[in-house]
Amino acid sequence: MAQEKITFGIYPGSNVGQSHMVQPDDKADDPAKIQTMLDRLHGDKPFIVRGYVHYLGGGKIGNRTPESVEQYAVHGRKLDVVLCRQTDEEDVSGWLDFIAERIAHYGARLDCLQITEEPNLTSKPLDGQFKGVKKALVAGVVHAKREALGRGLDIKVGFNTTLSFMPQDTFWADLGNVTTPEFHEALDYVGLDFFPDVFRPIEPDRQAQLIELGLRKFREKDLPQARIYARVPIRITETGWPTSSARSAEKQAETLNRAASAVRTLADELNITHLEWFSLRDFDSDKDDIWYQWGILEDDYSPKPAFELCQRMIKDT
């Protein structure tokens, strides 16, 4: 049976972290239009807006995206803020200070706080490329929960990863070796970023089967290696399918529907509580490159078919 209490969310657009990407000034974010389209998307249903902030070490902060994400925490929306750790510094005190400052800044607008971004991946621009990421993840989760409780804030604290089918991948076992009882007590959820049929093509008639296989592997094989069990919810923190001249908007809608339907079917059994799409709006719809066209809206805020699909899905939940 599909999970009827699943909460949806979305990343509202802007640069996705690729260093080569340049957005024309006339396609910069228009916060008023983003607000309007978010309102249309979720109506009166609770909804999550995702944003990212990078800690660069030495007390420095960079790459807040979207700019001033807190402005979107209105009309029933709350924030999912990702605190990325982009530094090799061994001393975690600056990182913990950064976490505390971000909690103070966003306050009750936060639904959840994600500590590190895809720490299992060692490729740029992701957090797994930096030294000490697992130690920083564990210390960060514990510190974030302590700070939230100390401020009387009901903030869910967690972290995320991507799926890996590489037999030599030791991330989960290695993480299990550094977790602590305090970490497990503080951990409210684990996020999963997954993008079916994006980086590795999958035939449409196999997508639902392979999505189920991936979700079951995550819950039943990966998480237990770090002593994270079924009581800890899974959140789908990023899922999407970009368009291009070779990737139609109609197929985007079909693929997002298959992914969301598979997630909802397994949600009760696997304790999946949230699903967030990536992303609301294209970075530049004129660029025939998938990194520019993740949106369910064109860059001029006109809907692709996936927008109405997501709108109906939220309304029917």
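Above this text you will find the structure in question.
Now for a look at the structure at hand.

What counts, and at which threshold
- Residues numbered from 1 in each chain as written.
- Predicted model: local features only at pLDDT ≥ 70, side-chain atom pairs only at ≥ 80, totals over all residues.
- Heavy atoms only, no water.
- Helix = DSSP H or I, 4+ residues; strand = E, 2+ residues; numbered from the N terminus.
- Rg over C-alpha atoms; globule rule 2.2 N^0.38 Å.
- Buried < 20%, exposed > 50% of the residue type's maximum accessible area, 1.4 Å probe, protein only.
- Contact = heavy atoms within 4.5 Å.
- Lys, Arg positive; Asp, Glu negative; His and termini not counted.
- Charge placed at Lys NZ, Arg CZ, Asp CG, Glu CD.
- Axes fitted to C-alpha atoms, helices over the stretch in contact; angles between N-to-C directions.
- Left-handed = near helix turned anticlockwise from the far one by under 90°.
- Nonpolar A, V, L, I, M, F, W, Y, C, P; charged D, E, K, R; others polar.

## A word on the overall build of the protein
Helix and strand content of the protein: 8 helices and 9 strands. For 317 residues, the compact-globule formula gives about 20 Å, and the C-alpha radius of gyration of the protein, at 18 Å, lands near that figure. For the protein, the spread of C-alpha atoms along the principal axes amounts to about 45 × 40 × 35 Å. A burial count over the protein gives 57% of its 317 residues as buried. Taking contacts inside the protein between residues at least 6 apart in sequence as the whole, the part at least 24 apart equals 78%. Taking the 39 positively charged and 50 negatively charged side chains of the protein as two groups, their mean positions are separated by 3 Å.

## Looking at the environment of leucine 163
Mapped onto the fold, leucine 163 is located in the loop between β6 (156–162) and α4 (171–178). Since its relative accessible area comes to 23%, leucine 163 is described here as partly exposed. Placed 141 residues apart in sequence, leucine 163 and lysine 304 show a C-alpha to C-alpha distance of 28 Å. Among residues more than four places away in sequence, those in contact with leucine 163 are Leu192, Asp193, Phe194, Gly214, Phe218 and Asp222.

## Brief notes about the packing of helix α6 (residues 204–225) against helix α7 (residues 249–270)
The N-to-C vectors of α6 and α7 enclose an angle of 35 degrees; their axes lie 10 Å apart at closest approach. Where α6 crosses over α7, the two elements pack in a sense that is right-handed. Residue-level inspection shows Pro204, Gln207, Ile211, Glu212, Leu215, Arg216, Arg219 and Glu220 of α6 in contact with α7, the latter providing Thr255, Arg258, Ala259, Ala262, Val263, Leu266, Glu269 and Leu270. For the contact of α6 with α7, the class distribution of residues is 8 nonpolar, 2 polar and 6 charged.

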